[in-house]
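# Results of the structural survey
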Amino acid sequence: RPQPGTRPGVFIGGPGRSGTTALVDLLGCHPSLSPVYETEPLPRLLSAAGRKPSPGAMADTVQSVLQSWAAPLPLRPHSKAPHERYLHGPHHVRMERRVVESTAAALARRIRAGDSSWQVLHDGFGRLFQAAAAADGKTRWVNKTPLNLAVLPLLLSVFPRSRFLVCVRDPRDVALSVVQRP
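This text gives an overview of the structure that appears in the document. (Residues numbered from 1 in each chain as written. Predicted model: local features only at pLDDT ≥ 70, side-chain atom pairs only at ≥ 80, totals over all residues. Heavy atoms only, no water.)

### Let's talk about the sheet that holds strand β1 (residues 10-13)
Hydrogen bonds between backbone groups are what pair the strands of a sheet, and the pairing can be parallel or antiparallel. One open sheet holds the 4 strands; their spatial order is β2-β3-β1-β4, and the pairing between them is parallel. The open sheet is flanked by β2 (33-37) and β4 (163-166), the only strands paired with a single partner. Across the sheet, the mean angle separating the axes of adjacent strands is 20° when strand polarity is ignored. With respect to the sheet, helix α1 (residues 20-27) is in contact with β1, β2, β3 (140-144) and β4, its orientation differing from that of β2 by roughly 155°. (Pairing = 2+ DSSP bridges. Helix = DSSP H or I, 4+ residues; strand = E, 2+ residues; numbered from the N terminus. Axes fitted to C-alpha atoms, helices over the stretch in contact; angles between N-to-C directions. Contact = heavy atoms within 4.5 Å.)

Here is the structure:
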């Protein structure tokens, strides 16, 4: 759990093309909030932990998911259209591959040693997000991943002090946005 006195993070979720990128980009303009875009491993790993795998299987999953996600860092690929411009770029992630890979190995060791997967994911992602905020010169983080919405109950239980923002957009506008994409 967060240390006493630390400020909780903010999670954003919502259907794809609902405005999550625009929202995190705007919130990232605040002098204290660092935007962290598209960290799909967190919802994927929360879902995996919810299935209650063996510690060895969960440790392997943590390591493989995080290493795969970290491979292109510091520049993550994106599918934004050329006209979609954001102040922080289309995919702002201030994390280094070696840091994510070493964190993955440490988390896997803790899970194999018997630590709770929930606590390990809280501690590991909390550190990664806080390090990204520090690299951005800010004190708090705001994480945007549309899939956060799919694991909202799990996020609430693992990060109970955090704030959660859900983007809602008229489904007709979402459909128009999707059909205009390649």
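Now, onward.
### Considerations on the packing of helix α3 (residues 55-70) against helix α4 (residues 97-112)
Between α3 and α4, whose axes approach to 8 Å, the crossing angle comes to 175°. What the angle tells us is that α3 and α4 run roughly antiparallel. Note on element contacts: α4 touches α3 through R97, V100, E101, A104, A105, L107, A108, I111 and R112, opposite P55, G56, M58, A59, D60, V62, Q63, L66, Q67, W69 and A70. Here the residues of the contact of α3 with α4 are counted per class, giving 13 nonpolar, 3 polar and 4 charged. (Parallel < 35°, antiparallel > 145°, perpendicular 65-115°, else oblique. Nonpolar A, V, L, I, M, F, W, Y, C, P; charged D, E, K, R; others polar.)

### Quick look at a nonpolar patch on the surface
Where nonpolar side chains cluster on the molecular surface, the patch consists of L149, V166 and V168 and spans about 270 Å² of accessible area. On the secondary structure map, V168 appears in the loop between β4 and α7 (171-179). Overall, the relative accessible area of 76% leaves V168 in the exposed class. (Patch = residues over 30% accessible without salt bridge, like charges linked within 9 Å, V, L, I, M, F, W, Y side chains within 5 Å. Areas by Shrake-Rupley, 256 points an atom, 1.4 Å probe, with all protein chains shown as cover. Salt bridge = Lys/Arg side-chain N within 4 Å of Asp/Glu carboxyl O. Buried < 20%, exposed > 50% of the residue type's maximum accessible area, 1.4 Å probe, protein only.)

### Here's the deal with the pattern of salt bridges
Under the counting rule described, the total for this entry stands at 6 salt bridges. One salt bridge connects D123 with R110, and the closest N-O pair in it is separated by 3.1 Å. One end of the pair, D123, is in helix α5 (residues 117-135); the other, R110, is in helix α4, with 13 residues separating them in the sequence. Residues D170 and R172 are paired through a salt bridge, measuring 2.5 Å at the closest nitrogen-oxygen approach.

### Description of α3
Over its 16 residues, α3 runs 22 Å from end to end, which matches the ideal 22 Å to within 8%, given 1.5 Å per residue. When we look at burial in α3, the residues that qualify are M58, A59, V62, V65, L66, W69 and A70. One face of α3 carries all of its buried residues, which in axial projection span an arc of 140°. Against the buried residues of α3 lie α2 (41-50), α4 and α5. (Expected span 1.5 Å × (residues − 1). Arc of directions from axis to C-beta.)

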